[in-house]
Amino acid sequence: MDTVLLARWQFALTALFHFIFVPLTLGLSFLVAIMETAYVKTDNETYLRMTKFFGKLFLINFALGLVTGITLEFEFGMNWARYSKFVGDIFGSPLAIEATMAFFLESTFLGVWIFGWKKVSKKVHALSAWLVAFGTNISALWILVANAWMQHPVGYVIRNGRAEFVNFWAAVFQPYAILKFLHTIHAGYVVGSFFVMGISAYHLLKHQDVDLFKKAFKIGAYFGLYAAIAVFIIGDMHAAEVAKTQPTKLAAMESIWNTKKGAPMYLFLIPDEKHERNAVELFGIPKMLSILAYHNPNATVRGLKSFPKNDRPPVTITFISFRTMVALGTLFVLLTLYAFYLIKKDKLLDKRWFLKLMLYAIPLPYLACELGWIVAEVGRQPWIVYGLLRTSQATSTAVTSAQIIMTLVGFVFLYSILGFIDIYLLFKYARKVPEVATKEGGY
Amino acid sequence: MLNVIWFALWGLLWAVYFMLDGFDFGVGILHPFIAKDDLERRMVINTIGPVWDGNEVWLITAGGATFAAFPTTYAYMFSYLYTPLFFILASLILRGVSFEFRGKIESEGWKKFWDFIIFLFSLIPAILFGVAFGNIFEGLPFDANGYHGTLFTLLNPYGLLTGIFFLLLFLEHGALWLSFKASNSVAERAKSAAKKTWPILLIVAVLFLIYTKFATNLYNNYINYPMWFIVLLIAVISLLLMRVFMSSSFVKAFFSSCVLIVTVVFTGIIGLYPNLIPSSINPAYNLTIFNSSSSQYTLKVMLIVAIIFVPIVIAYQLWAHILFKKAIRKEDLEDKEVETY
């Protein structure tokens, strides 16, 4: 098999696996910090137990997110040496800054948070939780600045056979980077909120520690409502930015083949890549696509056929991923709105069906995050840096396909086992009643 | 000038990484031998519990800085050293999760399994980092047509000797760390391990210095600029002082070990200058700090970031180390209100 395909599979699998753990870290870190702050402010022991309960789950999740992140940093050099050489002047700096500004903060204060319960004051302890949360979110900023540059390169010149920075800040503050960052962290907040709500729902259904889990559910619901709405609005702006900067990706996301002025949006559509058309188009909303993409009903949306065949991304997978993500995003707004309403009316405990629904909804925001990355990365193809460097020109020349197969098998084997154990432990500790969890010495 | 500064910083990042994660590796390798029961094993693991994660970030930073400052070196170093890097990576992953997983299920077999994982996957990277650096000191077989080596060319005598040298440095470092961070019988066993390891370390260090003369060109810079011998001299003095301090203060011995590791790394780095990775086939293809670096603009931006943030990082990491400076006692591990591994 050819090295490009193998390297792509390896990156896709290791990145998607890494991103099972990252969004929860992004969201739950803030939620735990909020819980602990509530404890410091109210001196109510319930919040302390809540902090420790969700804190433990946070740590089980964090461990795997951390170690699988190192893989990605190494992988650029190992499998994508020509890419690294071409973009290193630009791409390396955000990675180095990420480590210096964020990872140290995150890991050092996580150590203080885990082991410092009796070593620092309550306030400093809560502050550590906030610093961990800021650290994880700052790290997201820098890695997404780097990714945004791959999507929409700015602030560079081509010199000495590679891309070189002429304006660092242009890459940091370009709208693509800011929108991508905000969209991604809020998606993480949704994951965290649904996690807290779902686990609280489980215990509420069993009538365990009702006071604690009602409070936790409320924190999750409020934070989740904010996050779900924010993800939705920012996502809309992000898609408009994609329309402006990556027309091939947008065309694939919407599976639009022919360029159209005032393009409609079909609620149901089946792409037919082979014949460069859609096999089925149903329930069209006139001009809707032009409105969504350009915020103008008469805007022209370029179709895939207006691009050379070898510049087009895979359509079906991009389209389905995008559609499903948007549908899920809409569902999250509705669910959190209803949760908010039930809490306001104090009817949460009466609606057992809703609690059950929220328990089984835990995986959905994860799925939405993964789909989002598939849209972002598959939709960028055949480019590794949009318009500048093709993915097929980016791999390591010194590495053979046998080597990539070996590491690919290694990662799949290792990650499957670790993923299984981690999820098993999350289930185990999520089911425990908090008092038991706090009193237990070993961890 | 910027290239030289970044070369020094590059060396410093690796040196600090080995100084910090070095004792984690040592502790990980020693723990099944130094601890006799579960409580003692937990004591050993908890001496590094609050800090191992922050220590490992120095590796990520060293990797990131290589990428940012010397992208061509990053691209070649990581793709040429493909297989050892994969094993290092897998080891770091397994070691990292094992601290977290080990205590999560109350079962003898489960804990034994993760104890073994901690041991094995502290041992492998400790050796492999040495093998990798030994090979960088020697130079890798590459020219205009790319790389001509395999995993087995890396496992040459000098590479293996450097691997064993690094292993012993980290073992000694970890034993010294445990001799004042653990308590009672565990600390006693650590002290005796430190004393027993030292003569072997001394012998291997001498062998390394001699073999370096024949296997590498590292000494050329020293002969041309003899003032740099001072770094080598500090390394030798700290190796000797380490043993002297073992009869009075193990904390001081540990700090000597820190100085030793940093100066050993710098002994190699100074010898490499101006190369990052020499070509063992033809010096014309050497990856130098000039032909493999980023643009001056990027180096400048990165330097500003480093000047602002690295001191902040050092400040709060020091604070955290001081916060957890007390030795771990068995009572601490039995306290239900305190979280431990």
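Calculation criteria
- Residues numbered from 1 in each chain as written.
- Chains lettered and ligands numbered in written order.
- Predicted model: local features only at pLDDT ≥ 70, side-chain atom pairs only at ≥ 80, totals over all residues.
- Heavy atoms only, no water.
- Helix = DSSP H or I, 4+ residues; strand = E, 2+ residues; numbered from the N terminus.
- Rg over C-alpha atoms; globule rule 2.2 N^0.38 Å.
- Buried < 20%, exposed > 50% of the residue type's maximum accessible area, 1.4 Å probe, protein only.
- Contact = heavy atoms within 4.5 Å.
- Polar contact = N/O pair within 3.5 Å; in protein donor to acceptor, adjacent residues only side chain to side chain.
- Pairing = 2+ DSSP bridges.
- Buried area = accessible area lost by both parts, 1.4 Å probe.
- Salt bridge = Lys/Arg side-chain N within 4 Å of Asp/Glu carboxyl O.
- Nonpolar A, V, L, I, M, F, W, Y, C, P; charged D, E, K, R; others polar.
- pLDDT = per-residue confidence, 0-100.
- Domains from an automatic or database assignment.
- Expected span 1.5 Å × (residues − 1).
- Axes fitted to C-alpha atoms, helices over the stretch in contact; angles between N-to-C directions.
- Left-handed = near helix turned anticlockwise from the far one by under 90°.
- Phe/Tyr/Trp six-rings, centres within 6.5 Å; stacked < 30°, edge-to-face > 60°.
- Lys NZ or Arg CZ within 6 Å of the ring centre and 35° of its normal.

With respect to the overall build of chain B
Move 1: Assigned secondary structure in chain B consists of 14 helices and 4 strands.
Move 2: A compact globule built from 341 residues would reach a C-alpha radius of gyration of about 20 Å, and chain B, at 20 Å, matches this within 12%.
Move 3: Each principal axis of the C-alpha atoms in chain B carries an extent, and together these give about 60 × 40 × 35 Å.
Move 4: Here chain B holds 341 residues, and 65% of them are scored as buried.
Move 5: A fraction of 79% describes how many contacts in chain B between residues 6 or more apart in sequence connect residues 24 or more apart.

What to know about the side chain of T336(A)
Residues and elements named next belong to chain A.
Move 1: Mapping T336 onto the fold places it in helix α10 (residues 315-344).
Move 2: On the basis of relative accessible area, T336 is assigned to the buried category, the value being 0%.
Move 3: At 2.7 Å, the side chain of T336 forms a polar contact with the backbone oxygen of F332.
Move 4: Excluding residues within four positions of it along the chain, T336 makes contact with F194, M197, G224, L225 and A228.

Structural notes on the pairing of strand β4 (residues 265-272) of chain A
All names here are of chain A.
Move 1: With 7 bridges connecting them, β4 and strand β5 (residues 277-285) associate as antiparallel partners. Bridging across to β5, F268 finds its partner in L282.
Move 2: Between β4 and β5, which pair antiparallel and follow one another directly, the connecting turn spans 4 residues, one of which, E276, has a positive phi of 50°.

A few points about the interface of chain B and chain A
Move 1: On the chain A side, the residues contacting the 70 residues of chain B number 78 residues.
Move 2: Surface buried jointly by chain B and chain A totals about 6700 Å² across both partners, of which 72% is contributed by carbon and sulfur atoms.
Move 3: Of all residues in chain B, Y82(B), K104(B) and E339(B) bury the most surface against chain A, accounting for 13% of the area lost on that side.
Move 4: Joining chain B to chain A, the criterion identifies 0 salt bridges.
Move 5: Within the residue set of the side of chain B that touches chain A, elements represented by two or more residues are α2 (38-48), α3 (52-69), α4 (71-80), α5 (82-102), α6 (108-138) and α13 (296-323) of chain B.
Move 6: For the side of chain B that touches chain A, the leading source of residues is α3(B), giving 14 residues.
Move 7: The class makeup of the residues in the side of chain B that touches chain A is 43 nonpolar, 17 polar and 10 charged.

Brief notes about the confidence of the model for chain A
Move 1: Confidence along chain A averages 90 in pLDDT terms, with 98% of residues attaining 70 or more.
Move 2: Low pLDDT, under 50, characterises residues 436-443 of chain A; the stretch is placed with 23 contacts to residues that sit more than four places away or in other chains.

Focus: the pattern of salt bridges
Move 1: Scanning the model with the defined rule gives 25 salt bridges over all chains in all.
Move 2: Here E164(A) ties to R162(A) by a salt bridge, and the two come within 2.9 Å at their closest N and O atoms. An identical accessibility class is assigned to E164(A) and R162(A); each is buried.
Move 3: Look at the salt bridges and you will find they share partners, linking D38(B), R41(B), R102(B), E106(B), K111(B) and D115(B) into a network.

As for the domain arrangement of chain A
All names here are of chain A.
Move 1: Looking at chain A, the domain boundaries give domain 1 (3-259 + 302-439) and domain 2 (260-301).
Move 2: Spacing between the C-alpha centres of domain 1 and domain 2 amounts to 29 Å.
Move 3: Of the roughly 1700 Å² buried where domain 1 meets domain 2, counting both sides, 56% is carbon and sulfur surface.
Move 4: Inspection of the region where domain 1 meets domain 2 yields 2 salt bridges.
Move 5: The partner of E276 in a salt bridge is R312, with the nearest N and O atoms 2.7 Å apart.
Move 6: The tally of links between domain 1 and domain 2 comes to 11 residue pairs in polar contact (both at pLDDT 80 or more).
Move 7: Counting only elements with at least two residues in the side of domain 1 that touches domain 2, the list comes to α7 (210-245), α8 (247-254) and α10.
Move 8: Looking at which element gives the most residues to the side of domain 1 that touches domain 2, the answer is α10, with 4 residues.
Move 9: In terms of residue class, the side of domain 1 that touches domain 2 is built from 8 nonpolar, 5 polar and 7 charged.

Regarding α5(B)
Move 1: For α5(B), built from 21 residues, the straight-helix expectation of 30 Å at 1.5 Å per residue is met to within 8% by its first-to-last C-alpha distance of 30 Å.
Move 2: Across the 21 residues that make up α5(B), a large majority, 20, are buried.

Considerations on unusual backbone geometry
Move 1: Between Q381(A) and P382(A) the backbone carries a cis peptide bond, its omega angle lying at 5°.
Move 2: The topology assignment puts P382(A) in the loop between α12 (363-378) and β7 (383-385).
Move 3: Each neighbour pair has its own omega, and for Y273(B) with P274(B) the value is 0°, a cis peptide bond.
Move 4: With respect to the secondary-structure elements, P274(B) resides in the loop between α12 (250-272) and β3 (275-277).
Move 5: Non-glycine residue H295(A) carries a positive phi angle of around 55°.

Thoughts on α4(B)
The periodicity of an α-helix, 3.6 residues per turn, causes residues three or four positions apart to be oriented the same way.
Move 1: Where burial is concerned, most of α4(B) is hidden: 9 out of the 10 residues are buried.
Move 2: Those residues of α4(B) not exposed but buried are P71(B), T72(B), T73(B), Y74(B), A75(B), M77(B), F78(B), S79(B) and Y80(B).

Structural notes on the packing of α7(A) against α10(A)
Residue and element names in this part refer to chain A.
Move 1: Axis separation between α7 and α10 bottoms out at 8 Å; the angle between their running directions is 145°. α7 and α10 meet at a crossing whose hand is left-handed. Contact with α7, carried on its side by F217, K218, A221, Y222, G224, L225, A228, I229 and F232, involves G329, T330, F332, V333, T336, L337, A339, F340, I343 and K344 of α10 and no other residues of that element.
Move 2: For the contact of α7 with α10, the residue count by class is 13 nonpolar, 4 polar and 2 charged.

Side note on the packing of aromatic side chains
Aromatic ring pairs are described here by two measures, namely the spacing of the ring centres and the angle between the planes.
Move 1: Within the structure shown, the criterion is met by 77 aromatic pairs over all chains.
Move 2: An angle of 90° between the planes, with centres 4.9 Å apart, marks the rings of F53(A) and F54(A) as edge-to-face. Note on accessibility: F53(A) and F54(A) belong to one class, buried.
Move 3: Between Y17(B) and F18(B), the aromatic rings sit 5.4 Å apart at their centres with planes inclined by 50°, giving tilted as the arrangement. Summarising the burial analysis for this pair, Y17(B) and F18(B) share the class buried.
Move 4: For K52(A), the ring lying beneath its charged end belongs to W117(A), and the centroid distance is 4.5 Å.
Move 5: Directly above the aromatic system of Y429(A) lies the positively charged group of K104(B), at a separation of 5.9 Å from the ring centroid.

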